[in-house]
Amino acid sequence: MFNLSGQIALVTGGSQGIGRAIALTLAELGADVAVMARTLEKCETVAEEIRAKGRRAVAVRGDMGNAEDIKAAVAKVGEQLGPISILVNNAAITRDGLMLRMKQHDWDEVINTNLTGVFLMTQAVLPMMTKARKGRIINVTSVVAQMGNVGQVNYISAKSGLLGFTKAVAREYASRNITVNAVAPGFIETPMTDVLGEAARNAMLEQIPLKRPGTDLDVAYAVAFLASDEAGYVTGQVININGGMYM
Ligand SMILES: NC(=O)c1ccc[n+]([C@@H]2O[C@H](COP(=O)([O-])OP(=O)(O)OC[C@H]3O[C@@H](n4cnc5c(N)ncnc54)[C@H](OP(=O)(O)O)[C@@H]3O)[C@@H](O)[C@H]2O)c1
């Protein structure tokens, strides 16, 4: 597949689920990888898995809802691995609830982590990429940003925001050879979706033409493509990885 030797990647939320699969896949393709999340021990575990593949890795504790954490995380990765050339904005949370019952706190927390956090992280990493005149930014959004869903107005507002954010930054940084794209997973089996009950799971599966949930690797392979030299002419795009759930 693609060769990412010499690249330095930062994967937010890389300690489990889709982010972990992305971190391991980028490492398998030759990149050195930093894994960031709020729980340091889980990041350390993934960093160890990356080192076992012969790559350099760093585990970084940080909250995407906290501007100081984001700056400190980027500085630490820069010091320990070098300038970041691949940024995967993957970390996200859900605080689901019906529109009329949703507390402003749940709205604010999701927008702050899933959208403002991506803005701050991208802003912190762009100077490194601008200096190198090369970079790959991949934002993880969701099928529901395109379809809508009941009970997720906060999450969907943030994830649709990321679609616009992707195009805006793609246009602004194309002249510096930095590409900015998004992946939009559908129903992927991870700790985030493990909390769904049997009925919700079956209702999801009924909407999927390929008749199976996606895997974390289904998403990681698309991210690997977008991170590669081979994707150099792709920018401002969204790759849907959803088994046909939304076409
Ligand atoms: N699973 C799906 O079906 C699906 C579908 C569409 C889109 N997505 C998107 O795919 C991405 C990954 O989802 P997933 O299912 O793998 O989620 P997950 O299993 O819940 O993992 C989320 C990761 O993000 C980290 N994280 C959460 N809040 C954070 C914060 N404030 N600061 C830093 N790190 C934080 C978590 O670690 P800590 O808790 O230790 O911080 C964890 O590493 C998300 O953007 C999600 O919206 C998932």
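Everything discussed here concerns the structure shown above.
Attention in this report is confined to the structure presented alongside it. In this numbering scheme, every chain counts its residues from 1 along its sequence in written order. With the structure being a predicted model, the display of local features is reserved for residues of pLDDT at least 70 and the display and counting of side-chain atom pairs for 80 or more, all residues being used for whole-chain, interface and lining totals. Side-chain measures here rest on the full set of heavy atoms in the structure, leaving out hydrogens and waters.

The next point concerns the overall build of the protein. For the purposes of this entry, the term helix denotes a DSSP run of H or I that reaches at least four residues, the term strand denotes a run of E that reaches at least two, and both are numbered from the N terminus. A count of helical and extended segments in the protein gives nine helices and seven strands. Note that the radius of gyration is over C-alpha atoms, with the globule rule given as 2.2 Å times the number of residues to the power 0.38. For a compact globule of 247 residues, the expected C-alpha radius of gyration is about 18 Å, and the protein comes in at 17 Å, within 12% of that figure. Principal-axis analysis of the C-alpha atoms places the extent of the protein at approximately 45 × 40 × 35 Å. Classification of residues uses two cut-offs on accessible area relative to the type maximum, computed with a 1.4 Å probe and protein chains only: under 20% is buried, over 50% is exposed, and between them is partly exposed. Buried residues in the protein amount to 50% of all 247 residues. Here, two residues are considered to be in contact whenever any of their heavy atoms come within 4.5 Å of each other. Long-range pairs, those at least 24 residues apart, make up 73% of the contacts in the protein with a sequence separation of at least 6.

Moving on, we get to the environment of Trp107. In this fold, Trp107 is placed in helix α4 (residues 104-132). C-alpha separation for the pair Trp107 and Asn181, spaced 74 residues apart in sequence, amounts to 25 Å. Excluding residues that lie within four positions of it along the chain, Trp107 makes contacts with Met102, Val153, Asn154 and Ser157.

What follows deals with the site of the ligand. Taken together, 29 residues surround the ligand, and among them Ser15, Thr39, Asn90, Tyr155 and Thr190 come closest. One nitrogen or oxygen atom from the main chain of Ile188 is found 2.8 Å from an oxygen atom belonging to the ligand. Counted as a polar contact is a pair of N or O atoms within 3.5 Å, where, for protein atoms, one must be capable of donating a hydrogen and the other of accepting one, and residues adjacent in sequence contribute only when both atoms are in side chains. One of the side-chain N or O atoms of Thr190 is found 2.4 Å from an oxygen atom in the ligand. Residue exposure ignores everything except the shown protein chains as possible cover, and the areas themselves are Shrake-Rupley values with a 1.4 Å probe. In isolation the ligand has 880 Å² of accessible area, and contact with the protein removes 94% of it. Put simply, the parts of the chain that give the shell around the ligand at least two residues each are α1 (17-28), α6 (153-173) and α7 (191-194). For the shell around the ligand, the element with the most residues is α7, which contributes three residues. The nearness test applies per residue and asks whether one of its heavy atoms lies within 4 Å of the molecule or strand.

This next bit is on a nonpolar patch on the surface. Exposure above 30% relative accessible area and no salt bridge define the residues that can form patches, which grow by joining like charges within 9 Å and nonpolar side chains of Val, Leu, Ile, Met, Phe, Trp and Tyr within 5 Å. Whenever a carboxyl oxygen of Asp or Glu lies within 4 Å of a side-chain nitrogen of Lys or Arg, that contact is scored as a salt bridge. A contiguous nonpolar surface patch, about 330 Å² in accessible area, is contributed by Met1, Leu217 and Tyr221. Inspection of the secondary structure assignment puts Tyr221 in helix α9 (residues 216-227). Exposure remark for Tyr221: the relative accessible area of 41% places this residue in the partly exposed category.

Glancing now at the sheet that holds strand β1 (residues 8-12). For two strands to be treated as a pair, DSSP must find at least two bridges joining them. What the seven strands build is an open sheet, ordered β3-β2-β1-β4-β5-β6-β7; its pairing is parallel. What marks the edges here is a single partner per strand, and that holds for β3 (57-61) and β7 (238-241). Going from strand to strand, the sheet's axes swing by 15 degrees on average, the running direction of each strand aside. The axes are straight lines fitted to the C-alpha atoms, using for helices just the contacting stretch, and the angles between their N-to-C directions are given from 0 to 180°.

On to the pattern of salt bridges. If you walk through the whole model with that rule in mind, you get 11 salt bridges. Two residues, Asp32 and Arg56, come together in a salt bridge whose shortest N-O distance is 3.1 Å. Of this pair, Asp32 sits in strand β2 (residues 32-37) while Arg56 sits in the loop between α2 (40-52) and β3, and the two are 24 residues apart along the sequence. Among the ionic pairs, Arg95 bridges to Glu109, the shortest N-O distance being 3.1 Å. Taken together, the residues Arg95 in the loop between β4 (86-89) and α4 and Glu109 in helix α4 connect sequence positions 14 residues apart. The network of salt bridges with common partners includes Asp32, Arg55 and Arg56.

Of note, Thr122 is situated in helix α4. On the accessibility criterion, Thr122 (2% relative accessible area) is buried. Leaving out residues up to four positions away in the same chain, Thr122 has contacts with Leu87, Asn89, Ile137, Phe165 and Val169.

Looking now at the pairing of β2. Counting buried residues along β2, six of its six residues qualify, which places the element largely inside the surrounding structure. Neither face of β2 is left uncovered, since the one carrying Asp32, Ala34 and Met36 and the one carrying Val33, Val35 and Ala37 both have all their residues buried. The sheet contact formed by β1 and β2 spans five bridges and is parallel. Note on β2: the bridge partner recorded for Ile8 is Asp32. At this point the chain moves from β1, through α1, to the parallel β2, and the crossover so formed is right-handed. Note that β2 and β3 share five bridges and pair parallel. Handedness of a crossover is defined as follows: with both strands directed away from the viewer, a clockwise route from the first strand across the helix to the second makes it right-handed.

What follows covers the nonpolar core. Put simply, a nonpolar core is a bunch of buried Ala, Val, Leu, Ile, Met, Phe, Trp, Tyr and Cys residues held in one set by side-chain atoms that sit within 4.5 Å of each other. Grouped together as the largest cluster of nonpolar side chains are 36 residues, with contacts concentrated most on Ile22, Leu26, Val33, Ile50, Ile86, Val88 and Val183. The contact partners of Val88, leaving out residues within four places of it in the chain, are Leu10, Val11, Thr12, Ile22, Leu26, Ile138, Val140 and Val223. Grouped together as the second largest cluster of nonpolar side chains are 28 residues, Ala34, Leu162, Phe165 and Val180 included.

Nothing here speaks to function; it is all geometry.
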